[in-house]
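# Architecture and fold: a report
Chain by chain, the residues:
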Amino acid sequence: MKVWILKAFCFGALLVWIGAFWTATARAETPAQPIAVVVNQSVDITTLTPAQLRMIFAGRTQFWPDGSRIRVFVLPPKSDTHQYFCRQLLNIYPYQLERIWQRVVYSGQGEAPKAVDTAQAMQNIIEQTPGAIGYLQAPGQMNKNIRMITVGEPL
């Protein structure tokens with residue numbers, strides 16, 4: 001009787017360990033390069049706090065300090081870069097961000113960010129759109145009318 005209980009306990013522990021290992025390996029891959037928040041050259045800021053970035057991407061802040069409209073662009077929700085951006089820079093899950101966008105749109109308080117398919121398309125649209133903000137894996141070479149901004153507490 002005691003041997004059976006011991007075997008059942010060991011089998012259960014093994015299943016828990018396998019489940020934990022599988023869950024850890026099933027997470028989205030982290031990008032090889034860090035994420036860069038990029039803006040159009042017309043945007044006259046160099047630093048955003050994490051809270052300000054979250055407010056912009058949640059649609060709660062819709063204008064830059066100079067009064068111009070913020071245009072938000074995102075990569076597809078299933079992309080590793082988008083998931084990493086949401087989790088690490090916004091500190092929320094991608095599905096939570098989508099729910100926030102739905103709430104903003106359906107309440108008439110704003111519009112959802114425009115999704116672009118590729119990193120190159122993201123660079124192109126941010127370059128062409130005044131007031132635009134988006135994110136990329138830190139690119140080696142960026143288009144001429146976009147620049148990276150720092151996310152962190154101001155010094």
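Presented here is an overview of the structure given in this document. Predicted model, so just to flag it, every value in this text is computed and none were measured. (Residues numbered from 1 in each chain as written. Predicted model: local features only at pLDDT ≥ 70, side-chain atom pairs only at ≥ 80, totals over all residues. Heavy atoms only, no water.)

### A short note on the pattern of salt bridges
Applicable threshold: Salt-bridge detection follows one rule: a side-chain nitrogen of Lys or Arg within 4 Å of a carboxyl oxygen of Asp or Glu. Only protein chains enter the accessibility calculation, which uses a 1.4 Å probe. A residue is then buried if its area is under 20% of the maximum for its type, exposed if over 50%, and partly exposed in between.
Per the stated rule, a full pass over the model turns up one salt bridge. Between glutamate 111 and lysine 114 there is a salt bridge, and its shortest N-O distance comes to 3.7 Å. The class of lysine 114 is partly exposed, set by a relative accessible area of 46%.

### Observations regarding helix H4 (residues 94-106)
Using the following cut-off: By the criteria applied, helices consist of DSSP H or I runs no shorter than four residues and strands consist of E runs no shorter than two, each listed in order from the N terminus. A helix is expected to span 1.5 Å multiplied by its residue count minus one. In this description, the arc belongs to the directions extending from the helix axis to the C-beta atoms. In this description, contact between two residues means that some pair of their heavy atoms is separated by no more than 4.5 Å.
End to end, H4 covers 18 Å across 13 residues, agreeing with the expected 18 Å (1.5 Å per residue, within 8%). Within the span of H4, buried status applies to Pro94, Leu97, Ile100, Trp101 and Val104. Take H4 and look down its axis: the buried residues cluster within an arc of 115 degrees, on one side only. Away from the buried face of H4 by more than 90 degrees, exposed residues Arg99, Arg103 and Tyr106 are located. Taken together, the buried residues of H4 touch helix H2 (50-57), strand S3 (71-74) and helix H3 (80-90). Just past H4, the residue glycine 108 takes up positive phi, approximately 80 degrees.

### Observations regarding unusual backbone geometry
Residue asparagine 91 is not a glycine yet carries a positive backbone phi of 60 degrees. Looking at the secondary structure, you find asparagine 91 in the loop between H3 and H4. Classification of asparagine 91 by relative accessible area gives exposed; the value is 59%.

### Overview of the pairing of strand S5 (residues 132-137)
We count it as follows: Two strands pair under a simple rule: DSSP has to find at least two bridges between them.
Counting buried positions over the six residues of S5 gives five, a clear majority of the element. Relative to S5, strand S1 (residues 35-40) runs antiparallel, the two sharing five bridges. Within S5, the residue paired with alanine 36 across the bridge is leucine 136.

### As for the packing of aromatic side chains
Two measures describe an aromatic ring pair: the distance that separates the ring centres and the angle between the ring planes. Test applied: Any Phe, Tyr or Trp ring, taking Trp's six-membered ring, that has another such ring centre within 6.5 Å forms a pair; planes under 30 degrees apart are called stacked, those over 60 apart edge-to-face, and the others tilted.
Evaluated as defined, the whole model comprises four aromatic pairs. Between phenylalanine 85 and tyrosine 135 the ring centres are 4.0 Å apart and the planes differ by 10 degrees, which places this aromatic pair in the stacked class. You can see phenylalanine 85 sitting in helix H3 and its partner tyrosine 135 sitting in strand S5, a full 50 residues away along the chain. The pair phenylalanine 85 / tyrosine 135 is uniform in exposure class, with both members buried. Between the aromatic rings of tyrosine 93 and tyrosine 95, the centroid separation amounts to 6.0 Å while the plane-to-plane angle is 20 degrees, which identifies the pairing as stacked.

### Brief notes about the packing of H2 against H3
Any two packed helices are characterised by the angle at which their axes cross and by the distance between the axes. Quick note on the threshold: Only the stretch in contact is used when fitting a helix axis, every axis being a line fitted to C-alpha atoms; angles between N-to-C directions are given from 0 to 180 degrees. Orientation categories follow fixed angle ranges, with anything under 35 degrees roughly parallel, anything over 145 roughly antiparallel, 65 to 115 roughly perpendicular, and all other angles oblique. When residue character is reported, Ala, Val, Leu, Ile, Met, Phe, Trp, Tyr, Cys and Pro are called nonpolar, Asp, Glu, Lys and Arg charged, and the others, Gly included, polar.
It is at 10 Å that the axes of H2 and H3 come closest, and there the two elements cross at 135 degrees. Regarding the angle of H2 to H3, the classification is oblique. Counted together, Leu53, Arg54 and Phe57 of H2 and Phe85, Leu89 and Leu90 of H3 form the full contact between these two elements. In terms of residue class, the contact of H2 with H3 is built from five nonpolar, no polar and one charged.

### A closer look at H3
Every buried residue of H3 is listed here: Thr81, His82, Gln83, Phe85, Cys86, Leu89 and Leu90. Tucked inside the fold, the buried residues of H3 contact S1, H2, S3, H4, S5 and strand S6 (146-151).

### Overview of the side chain of asparagine 40
Note the threshold: Whenever two N or O atoms come within 3.5 Å, that pair is a polar contact, provided that in protein one can donate a hydrogen and the other can accept it, and provided that, for residues adjacent in sequence, both atoms are side-chain atoms.
Within the fold, asparagine 40 resides in strand S1. Polar contacts involving the side chain of asparagine 40 include one to the main-chain carbonyl oxygen of glutamate 127, which spans 3.0 Å. Contact partners of asparagine 40, with chain neighbours within four places excluded, come to Ile126, Glu127, Gln128, Thr129, Pro130, Gly131, Ala132 and Asn145.

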